[in-house]
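Residues per chain, in single letters:
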Amino acid sequence: MRRALPPLRALLGAARPPRLPARAVCGRPAQRSGHSALSVLPSFGFLFDIDGVLVRGKTPIPAARTAFQKLVNSQGQFLVPVVFVTNAGNCLRQKKADQLSHLLGVPISQDQVMMSHSPLRMFKRYHEKCVLVSGQGPLLDIAQDLGFCQPITIDTLREKRPLLDAVDHDRRPNVLSPSAVELPKIEAVVLFGEPVRWETSLQLIIDVLLTSGYPGNPYEQENYPHIPVLACNMDLMWVAEAQSPRFGHGTFMVCLENIYKKITGKELKYEALMGKPSRLTYQYAEHLIRAQALQRSWDHPIHTLYAVGDNVMTDVYGANLYNRYLQESSRTGAVSLLQAQVSGGAGAAPLPQPQDMGPSWQKELAGAAAARCRSVLVCTGVYSPHGQGTLGPGDSVTHSAFHGHRDFSFDPGLVEPDHVVPDVDAAVDLVFQLENFAPH
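Throughout what follows, the structure given in this document is the object of discussion. (Residues numbered from 1 in each chain as written. Predicted model: local features only at pLDDT ≥ 70, side-chain atom pairs only at ≥ 80, totals over all residues. Heavy atoms only, no water.)

Notes on the overall build of the chain
Working step 1: Broken down by element type, the chain carries 10 helices and 15 strands.
Working step 2: Once local pairs closer than 6 in sequence are excluded, the contacts in the chain between residues at least 24 apart make up 77%. (Helix = DSSP H or I, 4+ residues; strand = E, 2+ residues; numbered from the N terminus. Contact = heavy atoms within 4.5 Å.)

The structure is reproduced here in C-alpha cells:
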C-alpha cells in the first residue's frame, strides 16, 4: 500500500520518552504493567476512528470483527464505553450506526457515533439563523437534526441565483436575466464536508462571504471580518479502496482559503473548527463516553481514553493535543470549556461562548473528567510501514510534511503515537493488557 505521508522512519527527529510503560511497535501487545489486580469494571474508554481502522471504503478490515467480539458480551452489550469518532459528515448518526452494526456484527447505537459535525449541536446561537450548508448527502436532514431551522444548500442557492454558477458552460442558464426570487440574508456558512462540484461550491461560498450574505449583489469593499464560517473535518486526505489516499475536506478548505486570500488579500477566518484533531471534538467525545458509563451504572471513573486511529496528522495529533489539555487542566485546576481554544496554533477559533450554548451543554462540557488520552496508531490505513520498517520506541515525526490544518501549529510531540500496532484487534489486546482488564 502506498502512503499518504512519508514513512515515519524517514521523518524521525529528536527522540522523546514514550508516555506509557509498555509499548507495542507494529507487533502484538507487550506484557501487562501498571496495575496489580485484574479489573472487571472499566476505568477507560475507546475512541475508534472508522476509515482505515475498521473499514476501507465499504469493506471491513478483517481484524475489526475479531476485535469487536472481544468488546461485547454474549448479549451484545459493550463491556467498555466505546465511541466511534469519524471525520465523515455526509450522513446521519443513525445511518452510520446501522452501517457499523452490519459491518462489525455487533449492535451499535447512534449515541455511540460521533460525526465530524456532531458538536454543532452546541452552537445554539446559529440554530435560528439562515445558514448556507456545503457538503454531500442529505444536508438538510443533517442540518435540521443538529438543530438548524433555516439551512439552505448550495444547490438551492444555485437554483435561486442561476447567474452565479458560470464555470460549466453546459450548466449556464438559457435566459440571462437576474432572478427575482427573494432570499433571506445568509448569516453563516457551515462546511460539512467536501462537495461533489467543487467549482460551484467554491464560487458560491466566496460570493456569500464577499457580499455579507447577499449573493448576487456586487462584492463589497469593506466586509471584513466576513460572516461566520464553521467547518467540520479538516482531513487533507483519507483512505478508501484505492491504493493511494484521496482528497479530503481539508483539501477543499485549502482551496477556499487560498481563493479568498487571493481575491481579498486577507485570511479566511473560522468561527469554529470541528472534527479531529480539534480539542472540541475530543471533549464532546468524552461527554459521550461518560454518558455511556452512567447509563450502564459503571461506578468506576473513566480515567483514560484510548484513541485508535490510522492518521498521524489527525488521530494521533488530536489525541495528544487533548492529552496535553488534560494534563494542563490537572495542574491548574479544571479549565472551563468556555475559556478553551479549539485548535493548537495561532488563529485558533474560540469554542462556543455562554451565549452560544444552552444551560445543559454548559453543565455537561464545563470541564474534562478523564486524566489522560492515549494515542494508538494502526497500520491499516493512511499510515503504513510496509517496506520502510516500523516506528521504534522514542521515534517522532518532524516538520517535513505537516498535513494538518493551517490554524494548527506543528509540534513534533503531538504527532508521536504512544503505541503503534498492526491493526485494531492488536489495539484492543494492548489496551486490555495495559489496563489489566478481564471482563469475563
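What to know about the sheet that holds strand β13 (residues 304-309)
Working step 1: In spatial order, the strands read β5-β4-β1-β13-β14-β15; together these 6 strands make up an open sheet with parallel pairing. The open sheet has two edge strands, β5 (113-114) and β15 (419-421), and neither has a second partner.
Working step 2: As paired elements, β13 and strand β14 (residues 372-378) share 6 bridges and run parallel to each other. The residue of β14 that forms the bridge with V308 is V376.
Working step 3: Across the face of the sheet, helix α7 (residues 279-295) comes into contact with β1 (44-48), β4 (82-85), β5 and β13 while running at roughly 150 degrees to β4.
Working step 4: In the packing of helix α8 (residues 312-332) onto the sheet, contacts are made with β13 and β14, and the angle to β14 comes to roughly 165 degrees. (Pairing = 2+ DSSP bridges. Axes fitted to C-alpha atoms, helices over the stretch in contact; angles between N-to-C directions.)

Structural notes on the nonpolar core
Working step 1: F46, F48, L54, F68 and F84 are the most contacted members of the largest nonpolar core, which has 41 residues in total.
Working step 2: Looking at this core, the elements with two or more residues in it are β1, α1 (62-69), β4, α2 (93-104), β13, β14 and α10 (424-434).
Working step 3: Looking at which element gives the most residues to this core, the answer is α10, with 8 residues.
Working step 4: Filtering out sequence-adjacent residues up to four positions away, F48 remains in contact with L54, F68, L71, V82, V83, F84, V85, V308, V424 and V428.
Working step 5: Grouped together as the second largest cluster of nonpolar side chains are 40 residues, L202, I227, V415 and V420 included. (Core = buried A, V, L, I, M, F, W, Y, C linked by side-chain atoms within 4.5 Å. Buried < 20%, exposed > 50% of the residue type's maximum accessible area, 1.4 Å probe, protein only.)

A closer look at the packing of helix α5 (residues 198-210) against helix α6 (residues 249-264)
Working step 1: Two elements in contact, α5 and α6, have axes whose closest approach is 10 Å; the angle formed by their N-to-C orientations is 45 degrees. With respect to α6, the axis of α5 lies oblique. In this structure, α5 meets α6 at a crossing whose hand is right-handed. Between α5 and α6, the residues in contact are W198, S201, L202, I205, I206, L209 and L210 and T251, F252, C255, L256, I259, Y260, I263 and T264, respectively.
Working step 2: Taken together, the residues that form the contact of α5 with α6 break down as 12 nonpolar, 3 polar and no charged. (Parallel < 35°, antiparallel > 145°, perpendicular 65-115°, else oblique. Left-handed = near helix turned anticlockwise from the far one by under 90°. Nonpolar A, V, L, I, M, F, W, Y, C, P; charged D, E, K, R; others polar.)

Some thoughts on the sheet that holds strand β12 (residues 272-274)
Working step 1: Judged by pairing direction, the sheet is parallel, and its 5 strands sit side by side in the order β7-β6-β8-β9-β12 without closing on themselves. Both edges of this open sheet fall to β7 (150-153) and β12, since each of them pairs with a single strand only. Each strand axis lies, on average, 20 degrees off the axis of its neighbour in the sheet, ignoring direction.
Working step 2: Pairing between strand β9 (residues 229-232) and β12: 3 bridges, direction parallel. Looking at β12, one finds that C232 is bridged to M274.

Purely geometric stuff here, so don't read any function into it on its own.
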